[in-house]
Amino acid sequence: MAETHGSTAMSATGTTGGTATTTRLLEVEGLSSAYGPVRALDGVSLSAEAGRITAVLGANGAGKTTLLRTISGLVRPVAGRVVLDGEDITKASVESMVGRGMAHVPEGRGVIAELTVDENLRVGALFRGKVGKDEFDRVYDLFPRIAERRNNAAHTLSGGERQMLVIGRALLAKPRVLLLDEPSLGLAPRIVAQIFGLLRQLVDAEGLSVLLVEQNARSALSVADVGVVLNLGRVVVTDSASTLMGDEDLRHAYLGF
Amino acid sequence: MDYFVNVTITGLTQGIIYSAFALALVLIWRSTRIVNFAQGSMAAATTFIALALIQAGQSYWVALVVALVSGFVLGALVERVIIRPVEGGPELNAVIVTLGLFVAIQALIAIIFGSSFQSFPTPFGVRGFQVGGSTIPLTPTSLYVIGSVLITMALLVALFRFTRVGLAMRASAFSQEVARLLGVKVGGMLTLGWGLAAVVGSLSGLLIAGGGFVYPAYMDSLIVFGFVAAIIGGLDSPVGAIVGGLILGLALSYVNGYVERGSALVSVAALVILIVVLLVRPGGLFSSTTARRA
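Residues numbered from 1 in each chain as written. Chains lettered and ligands numbered in written order. Predicted model: local features only at pLDDT ≥ 70, side-chain atom pairs only at ≥ 80, totals over all residues.

1. Observations concerning the overall build of chain A
We apply this condition: Secondary structure elements follow DSSP: runs of H or I of four or more residues count as helices, runs of E of two or more count as strands, with numbering from the N terminus. Based on C-alpha atoms, the radius of gyration is set beside the globule rule, defined as 2.2 Å times the residue count to the power 0.38.
Check the secondary structure of chain A and you find 11 helices and 10 strands. Against the globule reference of 18 Å for 257 residues, chain A gives a C-alpha radius of gyration of 18 Å, in line with a compact fold.

Written out as structure tokens, the structure reads:
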């Protein structure tokens with residue numbers, strides 16, 4: 001028991017070089033996907049570590065969303081593999097991913113508009129069987145704004161509230177890896193900062209690994225540990241977020257700021 | 001006044017059967033965006049199964065249960081085997097498949113059970129109750145019809161509202177991709193949905209048959225009225241299906257009862273009501289399209 005605690009603490013801090021093999025929760029190796037003859041991903045390799053936010057950046061059409069959709073099985077790759085915590089999940093069903101510890105919040109918020117806020121959360125916890133009320137309360141404590149509206153239909157929520165709902169819903173799945181697709185899309189900068197700040201706290205406190213896809217590179221790099229820049233389906237550069245932030249040429253060429 | 005009450009009771013009894021049939025259509029439309037034109041002949045098939053059992057000496061109630069169960073199996077099989085391959089493709093493909101199935105099942109019924117008229121029993125009397133010296137058209141059978149549809153609807157509401165499976169089915173119906181990402185086995189939920197819809201459809205087929213005659217195409221008029229009821233209600237709303245069925249049942253009963261030679265106008269009246277509703281509210285009375293777009 002004491003040992004288990006020790007290793008969790010290690011992986012939670014996660015920055016020491018020696019633990020790299022154990023903290024690489026998600027590994028993507030040479031992943032390629034195609035829509036008909038159009039290749040959307042071309043041999044993409046990257047890894048996401050526990051306790052870290054890995055930002056995947058790039059222009060529209062760079063393959064960011066396809067990358068997440070291929071990782072979670074919504075798109076089947078033509079080559080390469082996806083390994084979650086040592087297990088090859090390339091051919092695993094989409095439905096089994098949350099059970100394996102990986103939650104995917106799709107682009108466009110992914111709320112089920114016709115269900116209430118509370119029902120949305122309950123759907124997120126269905127696969128786990130009985131889930132205590134305290135876990136729902138914890139999500140509502142994190143996001144008091146959606147707590148006030150728990151019995152309202154989700155389509156009545158604002159964009160920021162929807163984002164809070166889907167992140168809260170993903171957390172109820174108790175994932176070790178969280179895939180987030182464009183959470184800042186269409187949100188006011190203040191809300192984006194609030195959501196990213198909260199994400200940082202969760203990652204630091206629980207050793208969660210986040211793979212964050214963003215067009216808004218500046219905000220993403222301000223919260224991420226590592227940045228991966230995609231262009232036309234290929235990885236252009238992988239480096240620490242601070243280095244990418246400081247590389248003016250790269251920023252101009254690929255990140256647009 | 002008595003006459004008005006009588007016509008109203010007749011309308012409600014008929015209307016609630018339209019409601020049940022419309023509800024079956026709505027359940028499938030909500031979960032798979034497919035209009036199941038085969039619903040009527042699927043229901044007819046299960047009614048003939050019930051009839052075969054009754055003719056073999058079984059009680060009405062045994063036949064009813066077997067028919068509803070076989071309705072569930074038939075609905076689930078149709079989804080798994082016939083609909084699944086065309087799901088997600090162009091919408092017209094699925095429509096053509098259900099139309100083909102409609103014709104095929106009806107032909108199969110004629111081959112297996114024959115195409116002659118056969119009487120179908122009802123478990124209760126068809127004589128009206130006596131109120132003050134006069135007979136009203138409220139019969140034990142009509143109470144059974146109304147009661148069984150209401151019980152079925154209450155069970156469905158309870159399933160969707162209070163159970164985990166019901167929540168998973170609603171999530172799958174509204175957003176397949178999100179539901180899959182949340183670990184819901186969407187394929188199983190769709191099969192279950194088709195099965196349940198077919199049970200409700202079968203019930204309407206058994207009820208409309210009760211005390212009358214059945215033949216392979218006996219569901220045809222109910223199919224038309226059921227579709228009209230579903231579209232009046234908005235096709236997307238279970239409550240709309242029920243209200244649509246009752247409105248249509250009442251309206252047709254008044255046309256039949258108050259308009260000269262009204263019985264000949266019933267089918268026309270159904271279509272006139274449909275057109276008027278669609279002119280005033282193109283999405284149907286209980287349409288939620290505006291809410292969805294927001």
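2. Observations regarding helix α8 (residues 189-206) of chain A
Residues and elements named next belong to chain A. Note the threshold: One less than the residue count of a helix, multiplied by 1.5 Å, gives the span that helix is expected to have. Here the C-beta atoms are placed from the backbone, and a residue counts as buried if at least 20 other C-beta atoms lie within 10 Å of its own, exposed if 12 or fewer do, and partly exposed otherwise. The directions from the helix axis to the C-beta atoms form the arc being described. By definition, residues are in contact whenever their C-beta atoms, placed on the basis of the backbone, come within 7 Å of each other.
Taking 1.5 Å of rise per residue, the 18 residues of α8 would be expected to cover 26 Å, and the 26 Å separating its terminal C-alpha atoms lies within 8% of that figure. Within the sequence span of α8, burial applies to V192, I195, F196, L199 and V203. Along the axis of α8, the buried residues cluster in a sector spanning 95°; they form a single face. Seen from the open side of α8, the exposed residues pointing more than 90 degrees away from its buried face are R190, G197, Q201 and A205. Where α8 is buried, its residues touch β3 (53-57), α7 (159-172), β8 (209-214) and α9 (217-223). Two residues or fewer after α8 comes G207, characterised by a positive phi angle close to 65°.

3. With respect to the pairing of β8 of chain A
Residues and elements named next belong to chain A. The criterion, for reference: A pair of strands is treated as paired once DSSP finds two or more bridges between them. Viewed with both strands pointing away, a crossover whose connecting path from the first strand over the helix to the second turns clockwise is right-handed.
Extensive coverage of β8 is indicated by the burial of 6 of its 6 residues. The alternating pattern of β8 places S209, L211 and V213 on one face and V210, L212 and E214 on the opposite face, and all of these are buried. Taken together, the 5 bridges between β3 and β8 define a ladder with parallel strand orientation. Counterpart to V56 in the pairing with β8 is V213. Taken together, the 5 bridges between strand β7 (residues 177-181) and β8 define a ladder with parallel strand orientation. Bridge pairing links L179 to L211 in β8. The handedness of the β7 to β8 crossover, carried by α8, is right-handed.

4. Comments concerning the interface of chain B and chain A
Often, the extent of an interface is quoted as the loss of accessible area on bringing the components together. We apply this condition: Amino acid classes used here: Ala, Val, Leu, Ile, Met, Phe, Trp, Tyr, Cys and Pro are nonpolar; Asp, Glu, Lys and Arg are charged; the rest, including Gly, are polar.
The interface is formed by 19 residues belonging to chain B together with 20 residues belonging to chain A. Secondary structure elements with two or more residues in the side of chain B that touches chain A: α6 (164-174), α7 (176-181) and α12 (289-293) of chain B. Considering each element in turn, the side of chain B that touches chain A owes the most residues, 6 residues, to α6 of chain B. Of the residues contributing to the side of chain B that touches chain A, the split by class is 11 nonpolar, 2 polar and 6 charged.

5. With respect to the sheet that holds strand β10 (residues 234-240) of chain A
Residues and elements named next belong to chain A. To be explicit about the condition: The axes are straight lines fitted to the C-alpha atoms, using for helices just the contacting stretch, and the angles between their N-to-C directions are given from 0 to 180°.
Here we have 6 strands laid out as an open sheet, ordered β6-β7-β8-β3-β9-β10, and mixed in their pairing. Each end of this open sheet is capped by a strand with a single partner; those strands are β6 (102-105) and β10. Neighbour to neighbour, the strand axes of the sheet diverge by 15° on average, direction disregarded. The strands touched by helix α3 (residues 64-71) within the sheet are β3, β6, β7, β8 and β9 (226-231), with β7 carrying the most contacts at an inclination of about 145°. Packed on one face of the sheet, helix α11 (residues 248-255) meets β3, β9 and β10 and runs near 45° to β9.

6. Digging into the confidence of the model for chain A
The condition is simple: Each residue carries a pLDDT value, the predictor's own confidence for that position, ranging from 0 to 100.
Taken residue by residue, chain A gives an average pLDDT of 87. The fraction at 70 or more is 91%. Contacts for the low-pLDDT stretch residues 1-22 of chain A, under 50 throughout, to residues beyond four places or in other chains number 17 contacts.

7. Some details on the sheet that holds strand β5 (residues 87-88) of chain A
Across a sheet, paired strands are connected by hydrogen bonds in the backbone, their directions being either parallel or antiparallel. Residue and element names in this part refer to chain A. The strand order across the open sheet formed by 4 strands is β2-β1-β4-β5, and the pairing between neighbours is antiparallel. Each having just a single partner strand, β2 (38-49) and β5 make up the two edges of the open sheet. In this structure, strand β4 (residues 79-84) lies alongside β5, joined through 2 bridges in antiparallel fashion. Looking at β5, one finds that L84 is bridged to E87. Along the sheet face, α3 touches β1 (24-35), β2 and β4 and points at about 70° away from the line of β2.

8. Focus: the UniProt feature "domain: ABC transporter" (unreviewed entry) in chain A
Let me state the cut-off plainly: UniProt positions are given in the numbering used here, feature names are shortened, and annotations may be inferred rather than shown by experiment.
Cross-referencing UniProt, the feature "domain: ABC transporter" (unreviewed entry) maps to residues 26-257 of chain A in the present numbering. Span residues 26-257 of chain A is 36% helix and 27% strand, its end C-alpha atoms 29 Å apart.

9. Describing the nonpolar core
The condition that has to hold: Note on definitions: a nonpolar core is a set of buried residues drawn from Ala, Val, Leu, Ile, Met, Phe, Trp, Tyr and Cys, linked by C-beta atoms within 7 Å.
Ranked by size, the top nonpolar core spans 161 residues in total, and within it L179 and L212 of chain A together with A24 of chain B carry the most contacts. Among the elements that line this core, the one with the most residues is helix α8 (residues 186-209) of chain B, at 15 residues. Apart from the residues within four sequence positions on either side, L212 of chain A is in contact with I53, T54, A55, V56, L180, A220 and A224 of chain A.

10. So, the packing of helix α5 (residues 133-142) of chain A against α7 of chain A
Residues and elements named next belong to chain A. So the rule is basically this: Note on terminology: angles under 35 degrees are roughly parallel, angles over 145 are roughly antiparallel, angles of 65 to 115 are roughly perpendicular, and the others are oblique. Handedness of a helix crossing follows the sense of rotation of the near helix relative to the far helix, less than a right angle counterclockwise being left-handed and clockwise being right-handed.
Contact geometry for α5 and α7: axes closest at 10 Å, N-to-C directions at 150°. The angle between α5 and α7 falls in the class roughly antiparallel. Viewed along their axes, α5 and α7 form a crossing whose handedness is right-handed. Counting all contacts with α5, which are made through E135, V139 and L142, the residues of α7 involved are G168, L171 and L172. When the residues that make up the contact of α5 with α7 are grouped by side-chain class, the tally is 4 nonpolar, 1 polar and 1 charged.

11. Description of the pairing of β10 of chain A
Residue and element names in this part refer to chain A. Bridge count between β9 and β10: 6 bridges; the pairing is antiparallel. By the bridge assignment for β10, V228 is matched with T238. Connecting β9 to the next strand, β10, in antiparallel fashion are 2 residues, including L232 with a positive phi near 45°.

12. Brief notes about the packing of α6 of chain B against α8 of chain B
All names here are of chain B. The geometry of α6 relative to α8 is characterised by a closest axis approach of 9 Å and an angle of 100° between their N-to-C directions. One finds that α6 runs roughly perpendicular with respect to α8. Taking contact as the criterion, the partners of A168, M169, S172 and A173 in α6 are, on α8, V186, M189, L190, L192 and G193.

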